[in-house]
Amino acid sequence: MAQRAFWKGYMKLSLVTCPVAMTPATSGSEKVRFHTLNEKTGNRVVSHYVDAVTGKPVDEDDEVKGYPRGEDDYVLLEDEELEAVGLESTRTIDIEKFVAADSIGWIWLDKPHYLIPDDKVGEEAFSVIRDAMAAAGMVGISRLVLYRRERAVMLEPRGKGIVVWTLRYGDEVRDAGDYFTGIDAPKPDPDLMTLVTRLIDSRTKPWDPDMVRDPVQEKLLDIIASKKKGRRRPAREKTEPAASSGNVVSIMDALKRSIKSEGRAKN
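One numbering rule holds for all chains: residues counted from 1, following each sequence as written. This being a predicted model, a pLDDT of at least 70 is required before a residue's local features are given, and a value of 80 or more before pairs of side-chain atoms are given or counted; all residues contribute to the totals for chains, interfaces and linings. Side-chain figures throughout are based on the complete set of non-hydrogen atoms in the structure, without hydrogens or water.

Draft legend 1. Representation of the confidence of the model for the protein chain in the model. For every residue, the predictor reports its confidence as pLDDT, a number between 0 and 100. Per-residue pLDDT for the protein chain has a mean of 85; in total, 88% of the residues score no lower than 70. By the criteria applied, helices consist of DSSP H or I runs no shorter than four residues and strands consist of E runs no shorter than two, each listed in order from the N terminus. For the protein chain, per-element mean pLDDT is lowest for helix H1 (residues 79–85), which scores 73, and highest for strand S10 (residues 161–167), which scores 97.

Draft legend 2. Quick peek at helix H4 (residues 190–202). Relative to the 18 Å expected for 13 residues at 1.5 Å per residue, H4 spans 19 Å between its end C-alpha atoms, a close match to the ideal helical length. Polar contact is the term for a pair of N or O atoms within 3.5 Å; when the atoms are in protein, one must be able to donate a hydrogen and the other to accept it, and sequence-neighboring residues count only if both atoms are side-chain atoms. Between the side-chain oxygen of the N-cap and the backbone nitrogen of Asp191 there are 2.8 Å, and the N-cap of H4 in question is Asp189. The length a helix should cover is 1.5 Å for every residue beyond the first.

Draft legend 3. Highlighting the nonpolar core. By nonpolar core is meant a set of buried Ala, Val, Leu, Ile, Met, Phe, Trp, Tyr and Cys residues that side-chain atoms within 4.5 Å join together. Each residue is placed in one exposure class: buried if its accessible area under a 1.4 Å probe, protein chains only, is under 20% of its type's maximum, exposed if it is over 50%, and partly exposed if it falls in between. Ranked by size, the top nonpolar core spans 18 residues in total, and within it Met11, Leu115, Leu155 and Ile162 carry the most contacts. Within the residue set of this core, elements represented by two or more residues are strand S1 (7–13), strand S2 (16–24), helix H2 (123–136), strand S8 (138–146), strand S9 (149–158) and S10. Per-element tally for this core: the top contributor is H2, with four residues. Discounting residues that sit within four places of it in the chain, Leu115 has contacts with Met11, Val20, Ala21, Met22, Ile93, Phe126, Leu155, Gly161, Ile162 and Val164. Only heavy atoms matter for contacts: two residues are in contact if any of them lie within 4.5 Å across the pair.

Draft legend 4. Examining the sheet that holds strand S5 (residues 92–94) more closely. With mixed pairing, the eight strands of this open sheet are ordered in space as S5-S1-S2-S7-S10-S9-S8-S6. The open sheet has two edge strands, S5 and strand S6 (97–100), and neither has a second partner. Geometrically, the sheet is characterised by an average inter-axis angle of 40 degrees between neighbouring strands, direction not taken into account. In this structure, S6 lies alongside S8, joined through four bridges in antiparallel fashion. Within the sheet, the bridge partner assigned to Val99 lies in S8 and is Val139. On the sheet, H2 packs against S1, S2, S6, strand S7 (109–117), S8, S9 and S10 and is oriented at approximately 80 degrees with respect to S2. Paired strands, as defined in this entry, are two strands with at least two bridges between them according to DSSP. For helices, the axis comes from a line fit to the C-alpha atoms of the stretch in contact; other axes are also lines fit to C-alpha atoms, and the angle between any two N-to-C directions lies between 0 and 180 degrees.

Draft legend 5. Layout of the side chain of Glu150. If you trace the backbone, Glu150 turns up in strand S9. We classify Glu150 as buried; its relative accessible area is 17%.

Draft legend 6. Molecular detail of the environment of Leu144. With respect to the element layout, Leu144 can be found in strand S8. It is 8.4 Å that separates the C-alpha atoms of Leu144 and Asp94, two residues lying 50 residues apart in sequence.

Draft legend 7. Focus on a negative patch on the surface. Patches here are clusters of residues that have more than 30% relative accessible area and form no salt bridge, with a 9 Å joining cutoff for like charges and a 5 Å cutoff for nonpolar side chains (Val, Leu, Ile, Met, Phe, Trp, Tyr). Where accessible areas are quoted, they stem from the Shrake-Rupley method and a 1.4 Å probe; at the residue level, only the protein chains shown are allowed to cover. Think of a salt bridge as a Lys or Arg side-chain nitrogen and an Asp or Glu carboxyl oxygen that are within 4 Å of each other. Asp and Glu count as negative and Lys and Arg as positive, but His and the ends of the chain are not part of the count. Charge coordinates come from a single atom per side chain, which is NZ of Lys, CZ of Arg, CG of Asp or CD of Glu. A cluster of acidic side chains, namely Asp59, Glu60, Asp61, Asp62 and Glu63, defines a negative patch on the protein surface. Looking at where Glu60 falls in the secondary structure, it is placed in the loop between S2 and strand S3 (65–70). The exposure class assigned to Glu60 is exposed, which follows from its relative accessible area of 67%.

Draft legend 8. Structural detail: the pairing of S9. Counting buried residues along S9, eight of its 10 residues qualify, which places the element largely inside the surrounding structure. In this structure, S8 lies alongside S9, joined through seven bridges in antiparallel fashion. Bridge pairing links Ser142 to Val153 in S9. Counting the residues that bridge the hairpin from S8 to S9 gives two residues, and of these Tyr147 lies at a positive phi of roughly 55 degrees. With six bridges connecting them, S9 and S10 associate as antiparallel partners. Across the sheet, residue Leu155 finds its bridge partner in S10, namely Val164. In this antiparallel pair of consecutive strands, S9 and S10, the connection spans two residues, and Gly159 shows a positive phi of 60 degrees.

Draft legend 9. Structural context of a nonpolar patch on the surface. Together, Tyr67, Val75, Leu77 and Leu82 line one region of the surface with nonpolar side chains, adding up to about 350 Å² of accessible area. Locating Val75 in the fold gives a position in strand S4 (residues 73–77). Using a relative accessible area of 33% as the deciding quantity, one classes Val75 as partly exposed.

Pasting the structure below:
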């Protein structure tokens, strides 16, 4: 069942505007979450801000944002000053520019959202913008206030709808060259390549969402179900550390043994 839209507004391209609705493409609502309780009373524990020096609770009206400029020295900012920084992009996705769809690296993509037209009248304008981007191999770039911050977003045509990706800020992305440049790149041994290719082929399977299931979540649900029924908590499985012989094994020998074990597993 489709979730209700968490954001409604307008998509705009020059003078063309249409009402749209947006919903996150992923969800964490099914994850097991816990409350912190007072074990003696069974009551929930609530948190309060306290003064780090005096230890006394701080009233909400006395809370203010501060940016550190030295030890125990802060620049204070009022809520009005913070609100004035944001642009007027709260409810309008104004497509400012287009870039080639394959020019934005995966590392810039943050959180995906489904964007759909919000009424029948706006479907034509929505469809024209979507199909024109797809035909040209382009994605749209805009700015939008989401999750209390203004973010750059990318509009990607996908099927009958559009996927809106929030993009990471420039200072969040690290240059891969800083990490990969020190790796030597000798030409691989052809025999080793052949063996690794065989190993890859033997383990190749069609993609299945079950490959990314959460076993910890499943075990937590089993424990909770057992406690609801008054059963004892299952004993924790013991895992032995991987044994190490301390001997240096050649890559060729290791690959040959791997392929041999793969063949036995299939028989």
